[in-house]
Amino acid sequence: MEVQKEAQRIMTLSVWKMYHSRMQRGGLRLHRSLQLSLVMRSARELYLSAKVEAHEPEVSLQPARSPDPRLHPPREAEAEAEAAPLDGEQPSPEPMDTQEAPRAEEAPARGAPRPAKVSRKRRSSSLSDGGDVGLVPSKKARLEEEEEKEGASSEVPDRLQPSPAQAEGAFPNLARVLQRRFSGLLNCNPAAPPTAPPACEAKPACRPADSMLNVLVRTVVAF
Amino acid sequence: MFPKFSLRSMFHGAGGGNDIQWCFSQVKGAVDDDVAEADIISTVEFNHSGELLATGDKGGRVVIFQQEQENKIQSHSRGEYNVYSTFQSHEPEFDYLKSLEIEEKINKIRWLPQKNAAQFLLSTNDKTIKLWKISERDKRPEGYNLKEEDGRYRDPTTVTTLRVPVFRPMDLMVEASPRRIFANAHTYHINSISINSDYETYLSADDLRINLWHLEITDRSFNIVDIKPANMEELTEVITAAEFHPNSCNTFVYSSSKGTIRLCDMRASALCDRHSKLFEEPEDPSNRSFFSEIISSISDVKFSHSGRYMMTRDYLSVKIWDLNMENRPVETYQVHEYLRSKLCSLYENDCIFDKFECCWNGCDSVVMTGSYNNFFRMFDRNTKRDITLEASRENNKPRTVLKPRKVCASGKRKKDEISVDSLDFNKKILHTAWHPKENIIAVATTNNLYIFQDKVN
């Protein structure tokens, strides 16, 4: 469990760093991006292997649980948008299993707006915002991602198949959301404009073939 | 006078261990703690004689210090380094095609050997390399017939006699002028430049490619290494550093993010994608961790002056390789092994991505590299002793002998030891340089340059 949490924390941290590196002067650094993707991959492998070990007790909780893990990464993305420090506010001190009460208690304590509660409101404006609102999970978001399948790697279903069912509940959503968000970035050359509208990101074919961060795609979707 | 001192100290096994006592000499840069980002030093390099010391900073500026020629018989120290020239080498640029801002930060400076009165150096940012000529002017012509001294033209009808203009001494003026600009050859960010021993060509390396230039020709360069995969999804490693062999003009090495070094021979083929030698040490399984891959990335590679060895720096260690042995280094020195258990925190605060450089002393007996808390480390290859010193303004009285520092990894902390948790990871020494002939070192903290030298009796 600890291993899972740690792995998840590191994955989310890595995503934050990758996103943040876009903002830096001088553009994306290929070496840094590669290193971050390596860490993400290691974390993913660690997470999945830890998940496999803890497989049985969690299967029955999966339906109730599935909305919850999606909240964690977006919350972290929100924290990033607010320039929250990278310390104790990292994801999921909350356990993966269903515990309604503690989560509700923690929500106001956290301070950051809960995406699930405000997602309806923000959905309408989410496309016009830059930043991380693409990470807001919602049913509508999932539909959008399915429509944009042309941007998705065909590896998505393949990689997810062997994973345990409960892993489907957490990371595929994160993967799809991240992929939608980052597909434009990943298919750009080092100079993806930070303010690229999402429409561009949905059509990676427009971009030059120099998709230096596609390694990231493979890592991300493999969640 | 200088040769006598330096020969003696070198003869006595100029070591970083207990053989040498390092003394504070000078510190350059602002005193206040509020560091302007533009003043952050990004590269340090002595020229071939050691008389000049160049620094580059994040603001694109180059500052060159010159050593005073010491004439006093009873000098207790070698000449001081004073500012010789300051110029703006690179400006921030904007690539409109890619909507990419190009930082003006100077990534590397390399001096050319001196061929005439002027000095030449190459400086590079992420995309453009420039050849600078630094020349002195200490005379000016006076006594023109048609011009006044202030430059105004005289009415020719008022000229009644003629005189021959003569050169008269003037205050020394050091001029820096860009002689060549080598641009538009790198898609990715330049990490290294290295001048060939033929003194006619040099290489520049970015994340995926290495180009060969002629110093006189700016409109074309030859690509000699290209590791970009056809499908970028298959990218697994990047080039992190490259250097020409000091004696063999056909040989160069480049290091990778996977911890390997490839030696290439330009005689073998035009495109040196296939290495002549591959230097790689198998990973110690007991050290395998989450962050193993990224800490094995080599941040610097330097040939020894002799050309027999090369040194590599990864995040935790310095390794010396014999060019004749590819399967493992001949020497490994742990720089700050106590950080191995802190890698997760170092990942969080981005310190794990710091790129430390390393350098040899003039006779290849000692190597030096930086660490955190403004510590720097020296390893004596002969005595196998090592020492940790600190660059700090607290010890800034001239000829103050630096006290060795010690980091307590765990357990009971002894007096004068510093615990790992007390280390300041914002104070890092990434760039160091060693005088090619004497025991003088230049150590760059964030925005200060410290000069230390060995104690001269």
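Structural data are supplied above this passage.
Please read all numbers here as calculations on a predicted model, not as lab measurements.

(A) Spotlight on the overall build of chain A. Within chain A one finds 12 helices and 0 strands. When the helices and strands of chain A are placed in sequence order, the string is α-α-α-α-α-α-α-α-α-α-α-α. Expressed as a percentage of the 223 residues in chain A, the buried residues total 54%. Counting every atom, chain A has about 9,800 Å² of accessible surface; 56% of that belongs to carbon and sulfur.

(B) How the structure looks around the packing of aromatic side chains. The final tally for this structure, using the stated rule, is 21 aromatic pairs over all chains. Where F24(B) meets Y450(B), the ring centres are 6.4 Å apart and the plane angle is 75°; that geometry is what we call edge-to-face. Taken together, the residues F24(B) in strand β1 (residues 22-28) and Y450(B) in strand β32 (residues 449-454) connect sequence positions 426 residues apart. The class of F24(B) is buried, set by a relative accessible area of 4%. Where F182(B) meets W213(B), the ring centres are 5.2 Å apart and the plane angle is 70°; that geometry is what we call edge-to-face. With F182(B) in strand β11 (residues 166-182) and W213(B) in strand β14 (residues 209-214), this residue pair connects regions lying 31 residues apart in the sequence. Through pairs of rings, three or more aromatic residues link up here, namely F24(B), F376(B), Y450(B) and F452(B). A cation over an aromatic ring shows up here: K17(A) above the ring of Y347(B), its NZ or CZ 5.3 Å from the ring centre. Between K147(B) and the ring centre of Y144(B), over which it is positioned, the NZ or CZ distance is 4.8 Å.

(C) Broad picture of the sheet that holds β1(B). All names here are of chain B. Across the sheet, 4 strands lie side by side as β1-β32-β31-β30; this open sheet has antiparallel pairing. The open sheet has two edge strands, β1 and β30 (431-434), and neither has a second partner. Strand-to-strand twist across the sheet, computed as the mean angle between neighbouring axes with direction ignored, equals 20°. Where strand β31 (residues 440-444) meets β32, 5 bridges bridge the pair, whose relative direction is antiparallel. Each bridged residue has a counterpart across the sheet, and for I441 the counterpart in β32 is F452.

(D) Inspection of helix α1 (residues 2-22) of chain A at higher detail. Given a rise of 1.5 Å per residue, 21 residues ought to cover 30 Å, and the 31 Å separating the end C-alpha atoms of α1(A) matches this to within 8%. Of all the 21 residues making up α1(A), 16 are buried; the element is thus mostly covered by neighbouring parts of the structure.

(E) Structural view of the environment of R313(B). Residue and element names in this part refer to chain B. Position of R313 among the secondary structure elements: in strand β21 (residues 309-313). Sequence separation between R313 and Y333 is 20 residues; the distance between their C-alpha atoms is 9.7 Å. With residues near it in sequence (within four places) discarded, R313 still touches S297, I298, S299, D300, V318, V335, H336, F356, E357, C358, T369 and G370. At 3.0 Å, the side chain of R313 and the backbone oxygen of Y315 are in polar contact. A polar contact is formed between the side chain of R313 and the side chain of T369, at a distance of 2.7 Å.

(F) Seen up close, the interface of chain A and chain B. Opposite the 34 residues of chain A that make contact, chain B presents 33 residues. Here chain A and chain B share an interface that buries about 3,100 Å² over both sides, 56% of which is from carbon and sulfur atoms. Three residues stand out in chain A for area buried against chain B, namely R25(A), L30(A) and H31(A), and they jointly supply 21% of the buried area on that side. At the boundary of chain A with chain B, the tally comes to 7 salt bridges. Among the ionic pairs, R29(A) bridges to D126(B), the shortest N-O distance being 2.8 Å. Every element with two or more residues in the side of chain A that touches chain B is listed here: α1, α2 (30-53) and α12 (214-221) of chain A.

Conventions we followed
Residues numbered from 1 in each chain as written. Chains lettered and ligands numbered in written order. Predicted model: local features only at pLDDT ≥ 70, side-chain atom pairs only at ≥ 80, totals over all residues. Heavy atoms only, no water. Helix = DSSP H or I, 4+ residues; strand = E, 2+ residues; numbered from the N terminus. Buried < 20%, exposed > 50% of the residue type's maximum accessible area, 1.4 Å probe, protein only. Areas by Shrake-Rupley, 256 points an atom, 1.4 Å probe, with all protein chains shown as cover. Phe/Tyr/Trp six-rings, centres within 6.5 Å; stacked < 30°, edge-to-face > 60°. Lys NZ or Arg CZ within 6 Å of the ring centre and 35° of its normal. Pairing = 2+ DSSP bridges. Axes fitted to C-alpha atoms, helices over the stretch in contact; angles between N-to-C directions. Expected span 1.5 Å × (residues − 1). Contact = heavy atoms within 4.5 Å. Polar contact = N/O pair within 3.5 Å; in protein donor to acceptor, adjacent residues only side chain to side chain. Buried area = accessible area lost by both parts, 1.4 Å probe. Salt bridge = Lys/Arg side-chain N within 4 Å of Asp/Glu carboxyl O.

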